[in-house]
Structure formats: C-alpha cells, structure tokens
Amino acid sequence: SVVSEQLMALAQAVDSATVRAHALVACGQADVVAGRLGAARAHLDEALSLCRKERHDALLPLLSCTRADVSLITADFAAAEQDASVALCASFELNGVGRALASRGLARGKLGRVAEALADFHEVERIFEQSGRANPYTWRGGWLHRELGDGEGAVRRSMSSASTWR
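Worth saying up front: this structure is predicted, and the values here are computed from it rather than measured. (Residues numbered from 1 in each chain as written. Predicted model: local features only at pLDDT ≥ 70, side-chain atom pairs only at ≥ 80, totals over all residues. Heavy atoms only, no water.)

Here we look at empty space enclosed by the protein
All chains considered together, the criterion is met by one cavity of 30 Å³ or more. Taken together, Ala102, Phe121, Val124, Glu125, Asn135, Tyr137, Thr138 and Gly141 form the lining of the largest cavity. No other element matches helix H7 (residues 114-131), which puts three residues into the lining of the largest cavity. Along the lines of polarity and charge, the residues of the lining of the largest cavity split into four nonpolar, three polar and one charged. (1 Å grid on protein atoms, 1.4 Å probe; cavity = no way out; pocket = protein on both sides within 12 Å on 5 of 7 lines; lining within 4 Å. Points joined across faces, edges and corners; volume = space filled by probe spheres on them. Helix = DSSP H or I, 4+ residues; strand = E, 2+ residues; numbered from the N terminus. Nonpolar A, V, L, I, M, F, W, Y, C, P; charged D, E, K, R; others polar.)

Structure (structure tokens):
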C-alpha cells in the first residue's frame, strides 16, 4: 500500500534498525487488516529478524501476537502457538516477572524453603529456554545449587549467567 511504502521510506531515512522494525510491524498489521496475509508475514518475519539481531525485545509481544494472528487466520495452529508462546515469554520478562520470580526464589532459598525456591528458579529457566532468550538470572539459581552441594549445577548456571552479561 502507499501508506506502507511511505512509512518504510521514513524508517529508512532515520537509518535505525529499531525504527525499521517498528515500521515493519505497523505495515504487517495494516496488511492483516487488508487481508494481505503473505505481505503481512513477510513484513513480520523481517521485523522479527531485526528484533533478534538488534536484541530489541520491547517489540516482541506485539510482533509475535500479530504473527500468531496471521497463523490463526491461515490455520497454521502450530505456528500460532509458537508465536503466542514467544509473545508470552517476552511479556513475562519485559514486565519484570522474570526478575521478580528469581528474586522470590532467592528469598525462599534463604528462608530454607528449598523446594519452593527451586520451583521458582526452574520456572524462570523454562520460560527463558522456551523463548530462546538468554536468562540473566541464572546466577540466583546457581547460588541455591551451590548451597545444596550441587557444584556442577552451580557452575553451569554461573557460567551461563556470565555469558549473558558479556
């Protein structure tokens, strides 16, 4: 559409991958409304590629939900489920739930409530693993594993956390 072309031209002029990703999502949403599902998928796939390359996670919930909508309309329910899961995971972290859950796990561990602490840490790990994103909170679970005498688990989590912050 003319509006999409103008939006993409403006995004190119700014010379920012993040702005371009936002423009691509807007174009993809407009394409969905207009019934241009192939064009929507192409815009959204390109936006996803840019978001991953630039580590621009703030756009992932909207982007992934829009991709899920396209997949639902085209009856690709497995892809819709996967995209909705990515949106959920991104929302989980962006809303601070990952950090809060890791902090609660650390507090529970310090209170001696090991089973509850492990459950919190494992939930954080599961969410980040499912999303394919690095988990910046693994060191907290590593502390608990060290306290439990699980040196291998502690080292694995500490090394994972260190690589996240490089």
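A short note on the confidence of the model for the chain
Confidence along the chain averages 83 in pLDDT terms, with 93% of residues attaining 70 or more. Summarising per-element confidence for the chain, the mean pLDDT is lowest in helix H9 (residues 151-164) (69) and highest in helix H3 (residues 37-54) (94). (pLDDT = per-residue confidence, 0-100.)

Quick notes on the packing of helix H2 (residues 17-34) against helix H4 (residues 60-73)
Close contact between H2 and H4 brings their axes to 10 Å; oriented N to C, the two are set at 25°. On the basis of their axis angle, the class for H2 and H4 is roughly parallel. Seen along the crossing, H2 lies across H4 with a hand that is left-handed. Contacts between H2 and H4 involve Val25, Gln29 and Val32 from the first element and Leu62, Leu63, Thr66, Val70 and Ile73 from the second. For the contact of H2 with H4, the class distribution of residues is six nonpolar, two polar and no charged. (Axes fitted to C-alpha atoms, helices over the stretch in contact; angles between N-to-C directions. Parallel < 35°, antiparallel > 145°, perpendicular 65-115°, else oblique. Left-handed = near helix turned anticlockwise from the far one by under 90°. Contact = heavy atoms within 4.5 Å.)

Some remarks on the pattern of salt bridges
Scanning the model with the defined rule gives eleven salt bridges in all. Across the salt bridge formed by aspartate 31 and arginine 36, the nearest N and O atoms sit 2.9 Å from each other. The class of arginine 36 is partly exposed, set by a relative accessible area of 33%. (Salt bridge = Lys/Arg side-chain N within 4 Å of Asp/Glu carboxyl O. Buried < 20%, exposed > 50% of the residue type's maximum accessible area, 1.4 Å probe, protein only.)

Looking at the nonpolar core
Counting residues in hydrophobic clusters, the biggest one holds 19 residues, and the most contacted among them are Val25, Cys51, Leu59, Leu60 and Leu63. Counting residues per element, the ones that place at least two in this core are helix H1 (2-14), H2, H3 and H4. Ignoring any residue separated from it by four or fewer positions in sequence, one finds leucine 60 in contact with Leu48, Cys51, Cys65, Ala87, Ala90 and Arg133. Formed by eight residues, the second largest nonpolar core is a distinct cluster that contains Phe92, Leu101, Val124 and Ile127. (Core = buried A, V, L, I, M, F, W, Y, C linked by side-chain atoms within 4.5 Å.)

What to know about unusual backbone geometry
Backbone geometry at arginine 55 places phi at a positive 55°, although glycine is not the residue there. With a phi close to 65°, alanine 75 is a non-glycine residue in the positive phi region. Take alanine 75: it is sitting in the loop between H4 and helix H5 (77-94).

Focus on the environment of arginine 20
Residue placement: arginine 20 occurs in helix H2. Residue class for arginine 20 comes out buried when judged on its relative accessible area of 18%. Taking the C-alpha atoms as reference, arginine 20 lies 7.0 Å from methionine 8; in sequence the two are twelve residues apart. Residues within four places of arginine 20 in sequence aside, it is in contact with Met8, Ala11, Gln12, Glu46 and Leu50.

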